[in-house]
Amino acid sequence: MSLLRVPFAFYRSGSSRGLFLQEEHVPARGAARERLLCKLMGSGVPGQVSGFGGLTGPTNKVMIVGRHSQSGWVTMDFNQVAVDVPKVDFSHGDCGNMLAAVGPFALEQGLVEPEINGQKATVRIHSANTGACYEAEVALNKHGVEYQGDTAVPGVPGTFAPVHLAAVGVAGSQTGALLPTGRSVDLLEADGLHWEATLVDFARALVVLDANAVLPAFGYSELTEITLEVARNDPKLCAALEAARRQASKAMGMGDCAGNSPKLALVAPTTEANSLACCYFVAPERQEMHPTIAMTAAQALGAACLLEGSVAWKALGKTPEINGDRFELLIHHPQGAFPVSIGIRPAECHFPLGVPDTGRYTTTVWPIADGVAFVDGDDD
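Residues numbered from 1 in each chain as written. Predicted model: local features only at pLDDT ≥ 70, side-chain atom pairs only at ≥ 80, totals over all residues. Heavy atoms only, no water.

*Asks:* Help me understand the pairing of strand 17 (residues 275-283) in this model?
*Replies:* Remark: a regular strand shows side chains that alternate across the two faces of the sheet. The element strand 17 is extensively covered by neighbouring structure, given that 9 of its 9 residues are classed as buried. When strand 16 (residues 263-269) meets strand 17, the two strands line up antiparallel, connected through 6 bridges. Paired with Leu264 across the two strands is Phe281, which belongs to strand 17. Direction of pairing for strand 17 relative to strand 18 (residues 288-289): antiparallel, over a ladder of 2 bridges. Paired with Ala283 across the strands is Glu288, a residue of strand 18. Counting the residues between successive antiparallel strands, the hairpin from strand 17 to strand 18 contains 4 residues, one of them, Gln287, with a positive phi of roughly 55°. (Buried < 20%, exposed > 50% of the residue type's maximum accessible area, 1.4 Å probe, protein only. Helix = DSSP H or I, 4+ residues; strand = E, 2+ residues; numbered from the N terminus. Pairing = 2+ DSSP bridges.)

*Asks:* Is there a simple way to explain helix 1 (residues 31-41) in this structure?
*Replies:* Along helix 1, the positions that sit buried rather than exposed are Arg33, Leu36, Leu37, Cys38, Leu40 and Met41. Downstream of helix 1 by a residue or two, Gly42 has a phi angle that is positive, lying close to 75°.

*Asks:* How should I be thinking about helix 3 (residues 102-109) in this particular structure?
*Replies:* Since there are 3.6 residues in each turn of an α-helix, residues three or four apart along the chain are aligned in direction. When you tally the buried positions in helix 3, you get 6 out of 8 residues, the bulk of the element. Among the residues of helix 3, those classed as buried are Val102, Gly103, Pro104, Phe105, Ala106 and Leu107. Where helix 3 ends, the next residue or the one after it, Gly110, has phi of about 70°, a positive value.

*Asks:* Sorry if this is basic, but what is going on with the packing of aromatic side chains here?
*Replies:* For any pair of aromatic rings, the description rests on two quantities: the centre-to-centre distance and the angle between the ring planes. Tallying each qualifying case throughout the model produces 9 aromatic pairs. Arranged with centres 5.3 Å apart and planes meeting at 55°, the rings of Phe10 and Phe52 form a pair that is tilted. Residue Phe10 is found in strand 1 (residues 3-13), and its partner Phe52 is found in the loop between helix 1 and strand 3 (61-67); the two are separated by 42 residues along the sequence. Taking the centre distance of 5.7 Å and the plane angle of 45° together, the rings of Phe20 and Phe105 count as tilted. Linking Phe20 in strand 2 (residues 16-22) with Phe105 in helix 3, this pair joins segments that are 85 residues apart in sequence. Following the ring pairs from residue to residue traces out a cluster consisting of Tyr11, Phe20, Phe105, Tyr147, Phe160 and Trp366. Residue placement shows Arg12 over the ring face of Phe160; its charged tip is 4.6 Å from the ring centre. (Phe/Tyr/Trp six-rings, centres within 6.5 Å; stacked < 30°, edge-to-face > 60°. Lys NZ or Arg CZ within 6 Å of the ring centre and 35° of its normal.)

*Asks:* Could you clarify how one ought to interpret unusual backbone geometry in this entry?
*Replies:* The phi angle of most residues is negative, glycine excepted, and most peptide bonds adopt the trans form. Of note, Gln48 is a non-glycine position whose phi angle comes to about 50°, a positive value. Inspection of the secondary structure puts Gln48 in the loop between helix 1 and strand 3. With a relative accessible area of 2%, Gln48 lands in the buried category. Residue Asn274 is not a glycine yet carries a positive backbone phi of 50°. Examined against the element boundaries, Asn274 turns out to sit in the loop between strand 16 and strand 17.

*Asks:* Can you walk me through the nonpolar core in this structure?
*Replies:* Taken as a class, soluble globular proteins show a tendency for nonpolar side chains to be buried jointly. One finds Phe20, Val65, Val74, Val102, Ile125, Leu276 and Leu301 to be the most contacted residues of the largest nonpolar core, which totals 73 residues. Top element by residues in this core is helix 7 (residues 295-305). It accounts for 8 residues. With sequence-adjacent residues up to four places away left out, Leu301 is seen in contact with Leu206, Val208, Val267, Leu276, Cys278, Ala312, Leu329 and Ile331. (Core = buried A, V, L, I, M, F, W, Y, C linked by side-chain atoms within 4.5 Å. Contact = heavy atoms within 4.5 Å.)

*Asks:* Would you explain the pattern of salt bridges in this entry?
*Replies:* Where charged atoms from two side chains of opposite charge come close, those side chains can pair. Under the counting rule described, the total for this entry stands at 17 salt bridges. For Glu242, the salt bridge is made with Arg245, and the minimal N-O distance between the two is 2.9 Å. Residue Glu242 and its partner Arg245 are located together in helix 6 (residues 235-251), separated by 3 residues, close to a single helical turn. Of the two residues, Glu242 and Arg245, neither departs from the other in class, the shared state being buried. Here Arg286 ties to Glu285 by a salt bridge, and the two come within 3.8 Å at their closest N and O atoms. The partly exposed category is assigned to Arg286, whose relative accessible area is 47%. Salt bridges sharing common partners tie together Glu242, Arg245, Arg246, Glu285, Arg286 and Glu288. (Salt bridge = Lys/Arg side-chain N within 4 Å of Asp/Glu carboxyl O.)

What follows is the structure, encoded as structure tokens:
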């Protein structure tokens, strides 16, 4: 039996965690790489006892980072590794949480010559998954990357140094169009129920539903009643959301989306301006709700708020307030609130206040471990 040694770093990145690997240390994209990643995570093994996996989607991720031909840039390849079966799901596009640690990892590994401005380094990132480009601003100290600081992220205990991220070229990242159906509202049907939905693709393909229209049919009076435990134990609600999601996938030109994108968000009004409450479903068919919200989904929801007449626009309760060339949205999720900023360009038909152009958010990362992982290399 041969034994492969794979250098790795293990990060908590945003509200996710996973392995970070250098591109030169793994096989090229294809079956051999996928087998290796599944072995590293212990996918398909009861309890994932043989690997780094954490039995949930947000804790079962691998980011592969490589050198770029342009100075100041790196490449990234996000891999959502399955829990119960040895499989990599590439339908997720990019992961905004895991993206946060790409800059720190690249700096620690010497993969990039960053732009330095005082105690900050800027690392530019090109996604092999979607072609989108990102800019990460990473805090530094005299020793290198600074991880300690005063920034808190809901759902993550403690405070840490901030990582500021900007996303460029993420409109239509999964379908090729910011507004895949060309409409602000589409009608979806599930179990004889008809719901208005907004289908948008900005950093991720997202189905937005009005919680106050959906939940009463399943015995709930408000969105705050929907918790991770409730979602895990309500197959009827999740089956209906899954049926709606699959219809939306076909309408968005994504075909049969079983187990894949688009993702789905239930939204409801709050008492604050430029604010929404949200429950984000990673996989309704598995009755899996995200404990917080994906960074990509937050950007998609921000874009949906700028779409006149959309489900999100209506949930805001009044016309979105624009601050210069940005729309600032506060998203309340089950563990707190997450702010996202959407940069806009000149208005067009469906977007009278400005067309979503860039996404900006701040999160934190923490290095858990690094070293060498060992896997059976017989078939790799």
